[in-house]
Amino acid sequence: MPAHPEPEVADGGPDGAIRRKPPERKVVTVLFADIVESSSMVSGRDPEEADQTLLGILQILTDSVARYGGTIAQMLGDGMMAVFGAPAAMEDHALRACLAAQDIARAAIDSADFKVRVGISSGEVVAQVVESGVWTDYRTVGETVHVAAKLQQRAEPNSVLLSRGTVDLVPTGLTVRPAGTLRLAAAAEPVAAHALESVRAMRRTAMDMLSSDGNLFVGRQQELAELTEALHRAQEGEGAFILLSGEAGIGKSRLTSELTRTPAAQGFGTLYWPQFPIRRLGEPDDLEAVAQSLVRLVGGSAANGDSTALLAAAAERGGGELAGEAMRELLGVPSAHPIWQGLDPAQRVDFTIEGLAAALVDLSAAQPLLVLVEDAHWTRGLTTRLLDTLAGVAEDARLLILVTSRPSTPGGWKAPEQLRRIELEPLEALQVDEFLDHWLGHHPSLSELKGRLAAQSQGVPLYLEESLRSLETAGIIVGTPGHYQAGDTDAKLVLPTTIHGLLASRIDTLDPDARRTLMHAAVIGPSVDLDLLRLIAPVPSGELPSILARLEQGGFFAASRLLPNMEVMFRHALVQEVAYATLTKRERQPLHGRILHRLRNRRERELPGRIELMAHHAFYAEDWAAACVYGRRAGKRAEGSCKHADAGRYYGNALKALDHLPETRRNQQRRIDLWISIPLILLPQGGRSADNLLDKACSLAEVLGDRYRYARAASLMASFQWVYGDLDASVALCRAAMAALRDDEARDVRVQILLRLAGILMDQGNFRECHDAVSEAQKHLQPGDLQGRYGLTMVAATCAASCRARCLAEFAEHAEAERAARLAVDIADESGHGFSKAVANLYLGLVCLIGQRVESAVPPLKAALNIMEATRLHIFQPLALGALGSALVRTGQAQEGLPLLLASREHARMLRVSRQEPQILIWIADAALRTGNADQAVATAREAARLARTAGQLSDVAWASLVLSMAHAAQSQASPSIDALEEAESLAERLSLTALLAKCRAQRFLTAPAPRP
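Residues numbered from 1 in each chain as written. Predicted model: local features only at pLDDT ≥ 70, side-chain atom pairs only at ≥ 80, totals over all residues. Heavy atoms only, no water.

Section: the packing of aromatic side chains
- Evaluated as defined, the whole model comprises 6 aromatic pairs.
- Ring geometry for Phe-619 versus Tyr-620: centroids 5.1 Å apart, planes at 85°, classification edge-to-face.
- Ring geometry for Phe-619 and Trp-624: centres 5.7 Å apart, planes at 75°, overall edge-to-face.
- By the ring-pair criterion, three or more aromatic residues cluster together here, those being Phe-619, Tyr-620 and Trp-624.
- The cationic tip of Arg-649 hangs over the ring face of Tyr-650; the distance from NZ or CZ to the ring centre is 5.0 Å.
- Between the NZ or CZ atom of Arg-768 and the centre of the ring of Phe-811, over which it lies, the distance is 3.8 Å. (Phe/Tyr/Trp six-rings, centres within 6.5 Å; stacked < 30°, edge-to-face > 60°. Lys NZ or Arg CZ within 6 Å of the ring centre and 35° of its normal.)

Here you go:
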């Protein structure tokens, strides 16, 4: 039962009233145990005798559960159900259940009187304590309970079956074998069963890390250098006792294992003293375990005579005669020393601790020693005394004693104030990015996922590791380490169960008022407005300041903002997530509703982000009309700030809310708008999964006779066709969208169609038509409107100016082209819209490249790439990478430019933006030619021309032909050079590519045969 009572709800009259504590969602491990053939055991016996027989067996079962901290939820006549991890959460609940089951099974095997079957499953349940005057019931409800019961029924006598979920929660010390599958129902997914063979009370330690390969060590170089220096000093006789402190999962064991890999540690003898919160029957006690580590150090596998004599002599040299006797006793050799025989138990313990410390100091004279004490927050009485003793002697010996501990975990060893400490902080953002890039790779489809993981992890390595494992298991990522890409996009990203248990156990150490306040605060969100918290807090307002102070002192909250509203924030977003997940949906919903009601009366200047908060709380309050309205508004705001992941979430929730509203014509139109809005934010990120939504939008618009929305949907479909290479289809869609409109309506849709059509015509090489489309679009723009996007992914005025600049550059009007491109950048900067700024800088760079102002192209191209990377706008990244690579090569920086060119092609392939490949290949061929590789230039230019011709991108065919001509000339192959040059010239004249035509004529002059004398 919990250490602190929870609030109770009473039903019925005063006599025999049923009292219920609030139900909570818990991640637990459930154990079912059943006595086999219990009926035959009691058949024909006197009831009292039968009762005694079964009670004796049940006592063995319940003792095993109690030994490992479990709760008996139900007692049956011939079995029981136990829960580990509730009412109080435990981070190692699955391990504890397995240890209890093993003890039960071994007790049955050792007895000839009974047999048992045991089933264990781990997962989420709803748990609640229900009491009356005559009984108490700890109710747990959920699939996990039924799976455990089914596993128990399937188990062979004296065996234990585990679910896959349980196996995954015990990362070390567990041995199982496959045992088939089972189903809870005919239509249910099969559940894998595993037979327990053995389990040990172990945790993942530095030794486990040391034995594993391929782990990336990130962000702890400074701490590692400090510890390495301590090793060097210890080797010279200046020992140290260091506390390595940090929250769970911060990387203490990883740093410790890395220290043991360093060259400085190779001459040290290493002693491992890991501490555990639980201990199996028969395992050595604290000091015995320390003595056994010394035996292993001196070369013995057991306390044989040689090792005992050696260690006793070491203890005696440093601690005196009785310390030596204590060491002998500890190693199983009874002492006959008369003074030892007269000591009381407490005195013997004192000499034992002195003997161990003395032996360590003495042994370090021959070989320096590194002592690793992991998880000292779980040490018990005698180990804490030993550590206190060692803290006083380490400085004068060749000893480095490194102790790891969690500062917020109650109990265990408390370090002296003057002790040297190293505090581990969360990884920095760049270090998290390095970690994710190492394990996931660089596929663009993972960009949003990486952002979410980085934000949620807040620099905690364990969360990152466990999340990656969960993502692969759920199919959200597919591939191999370093080469993953997005998989099942419909799968839900959930908090790993391991992390949930760890954080829930920390939350459950709080007193009841603080705990419930934390859970209610979690409903508000990661940032907690104090006015909203007072509204929904489960305690009187007067008590709230002292509770918040305790939560801040405990590391759960941090002061965030005083103006314009007072806020605290969760120190870690994961704590907020776990606290929120503990409340049942039935309890959360009215809290969200009360918050929504209060938010309606607040103003944006009083509460920044009010619209986004209303969208969130309306959705979870199931106020569907408000959820739809505010979800769309919040989505538009996020889209305007290029926060596409947030926009997608808001639009998605608004669409789900519409499913609960009547299918009126207005709601159908809202549905079309959302079907258009979601693909619109996918496009800049390189998303492709939009066809279905846009098809549905077009179809429903046709049914409703809504020409305006049909034109918008068809126009956006044209964008997707354009970006992914079908230029003819995209032109047809633009013309169909334009035809759907009356001449006098929908200025905004007309602008977006014309500018999309201009971009498509540009890629086809029809720059005159592109210029005309841009001019027509500019006529429909509102005078002075430098902010409106008109349904585009970027500011329309920026788009128009950028397209016009590119056309002018191809017409060789370079000065005017650069002025137009810089105007586009100015408009984009004024708007503050990230995607617009990125594209405007990209086009400025392209204009400078075409106009031979190559050095001027580098700054805007770098700026474009920085913006794209920061805002995860991938769709133009290949082109920007290629353009920058080409500019660097052309300014004599081939070593920096060539890798960018190769990366740009790989990026285009990953995104499958085939329309960008010809241009990138043209740049690669040009770079090959400039670096003296004419053969590669010929092959690459041919490939560029082939791809461009297939896609109908005639201007790219022309530029590729020019590079091919130049490459053939470098090979001294005049005839193919002239053929390619003629094709380039012909296309340049036909498409009015004046800049290209000038280069062709210069090339013809260079390749013309010398006149005969």
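On we go.
Focus: the nonpolar core
- Judged by nonpolar contacts, the single largest core of 237 residues is most densely connected at Leu-518, Leu-533, Phe-557 and Leu-842.
- Among all residues touching Leu-842, those that are not within four sequence positions of it are Leu-861, Ala-864, Met-868, Phe-876, Leu-879 and Ala-880.
- Grouped together as the second largest cluster of nonpolar side chains are 37 residues, Ala-33, Leu-99, Ile-104 and Leu-169 included. (Core = buried A, V, L, I, M, F, W, Y, C linked by side-chain atoms within 4.5 Å. Buried < 20%, exposed > 50% of the residue type's maximum accessible area, 1.4 Å probe, protein only. Contact = heavy atoms within 4.5 Å.)

A closer look at the sheet that holds strand E20 (residues 567-570)
- Here 3 strands make up an open sheet; going across it, the order is E18-E20-E19 and the pairing antiparallel. With partners counted over all chains shown, the strands left at the sheet margins are strand E18 (527-529) and strand E19 (557-561), one partner each. Here the average twist between neighbouring strands, direction ignored, is 35°.
- Direction of pairing for E19 relative to E20: antiparallel, over a ladder of 4 bridges. Within the sheet, the bridge partner assigned to Phe-557 lies in E20 and is Phe-570.
- Together, E18, E19 and E20 form the strand contacts of helix H19 (residues 512-524), whose direction differs from that of E18 by roughly 100°. (Pairing = 2+ DSSP bridges. Helix = DSSP H or I, 4+ residues; strand = E, 2+ residues; numbered from the N terminus. Axes fitted to C-alpha atoms, helices over the stretch in contact; angles between N-to-C directions.)

Considering helix H17 (residues 461-474)
- Given a rise of 1.5 Å per residue, 14 residues ought to cover 20 Å, and the 20 Å separating the end C-alpha atoms of H17 matches this to within 8%.
- Of the surrounding secondary structure, the elements contacted by the buried residues of H17 are helix H15 (429-440), helix H16 (447-457), strand E16 (477-480), helix H18 (497-507) and helix H22 (573-582).
- In the segment just after H17, Gly-475 is the residue with positive phi, at about 80°. (Expected span 1.5 Å × (residues − 1).)

A look at the pattern of salt bridges
- This structure, assessed with the given rule, holds 51 salt bridges.
- Between Asp-673 and Arg-709 there is a salt bridge, and its shortest N-O distance comes to 2.8 Å. Note that Asp-673 is positioned in helix H27 (residues 665-682) and Arg-709 in helix H29 (residues 707-723), a separation of 36 residues in sequence.
- Residue Asp-673 is classed as buried on the basis of its relative accessible area of 7%. (Salt bridge = Lys/Arg side-chain N within 4 Å of Asp/Glu carboxyl O.)

Structural notes on the state of the cysteines
- By the definition in use, this model includes 0 disulfides.
- A disulfide-free cysteine, Cys-799 has its sulfur positioned 4.3 Å from the sulfur of Cys-803, the nearest such atom.
- For Cys-799, a relative accessible area of 11% corresponds to the buried category. (Disulfide = S-S within 2.5 Å.)

Focus: the environment of Ile-278
- The topology assignment puts Ile-278 in the loop between strand E12 (269-272) and helix H9 (286-297).
- Here Ile-278 falls in the buried class, since its relative accessible area comes to 7%.
- Residues Ile-278 and Arg-890, spaced 612 residues apart in sequence, show a C-alpha to C-alpha distance of 67 Å.
- In this structure, Ile-278 is in contact with Tyr-68, Asp-92, Leu-95, Arg-96, Leu-99 and Ala-201, ignoring residues within four places of it in sequence.

Let's talk about a negative patch on the surface
- Residues Asp-46, Glu-48, Glu-49 and Asp-51 make up a contiguous surface patch of negative charge.
- Its place among the elements puts Asp-51 in helix H2 (residues 47-67).
- Of the residues examined, Asp-51 reaches a relative accessible area of 39% and is grouped as partly exposed. (Patch = residues over 30% accessible without salt bridge, like charges linked within 9 Å, V, L, I, M, F, W, Y side chains within 5 Å. Areas by Shrake-Rupley, 256 points an atom, 1.4 Å probe, with all protein chains shown as cover. Lys, Arg positive; Asp, Glu negative; His and termini not counted. Charge placed at Lys NZ, Arg CZ, Asp CG, Glu CD.)

Digging into the packing of helix H40 (residues 934-951) against helix H41 (residues 954-970)
- Where H40 meets H41, the axes come as close as 8 Å, and the angle between the chain directions of the two elements is 160°. If you check the angle between H40 and H41, you find them roughly antiparallel. Seen along the crossing, H40 lies across H41 with a hand that is left-handed. Touching Ala-934, Ala-937, Val-938, Ala-941, Arg-942, Ala-944, Ala-945, Ala-948 and Arg-949 of H40 are Asp-956, Val-957, Ala-960, Val-963, Leu-964, Ala-967, His-968 and Ala-970, all from H41.
- Of the residues belonging to the contact of H40 with H41, the class tally is 13 nonpolar, 1 polar and 3 charged. (Parallel < 35°, antiparallel > 145°, perpendicular 65-115°, else oblique. Left-handed = near helix turned anticlockwise from the far one by under 90°. Nonpolar A, V, L, I, M, F, W, Y, C, P; charged D, E, K, R; others polar.)

Concerning the environment of Glu-91
- The residue Glu-91 is located in the loop between strand E5 (79-84) and helix H3 (93-110) in this model.
- With 660 residues separating them along the chain, Glu-91 and Val-751 place their C-alpha atoms 58 Å apart.
- A polar contact is formed between the side chain of Glu-91 and the side chain of Arg-406, at a distance of 2.7 Å. (Polar contact = N/O pair within 3.5 Å; in protein donor to acceptor, adjacent residues only side chain to side chain.)

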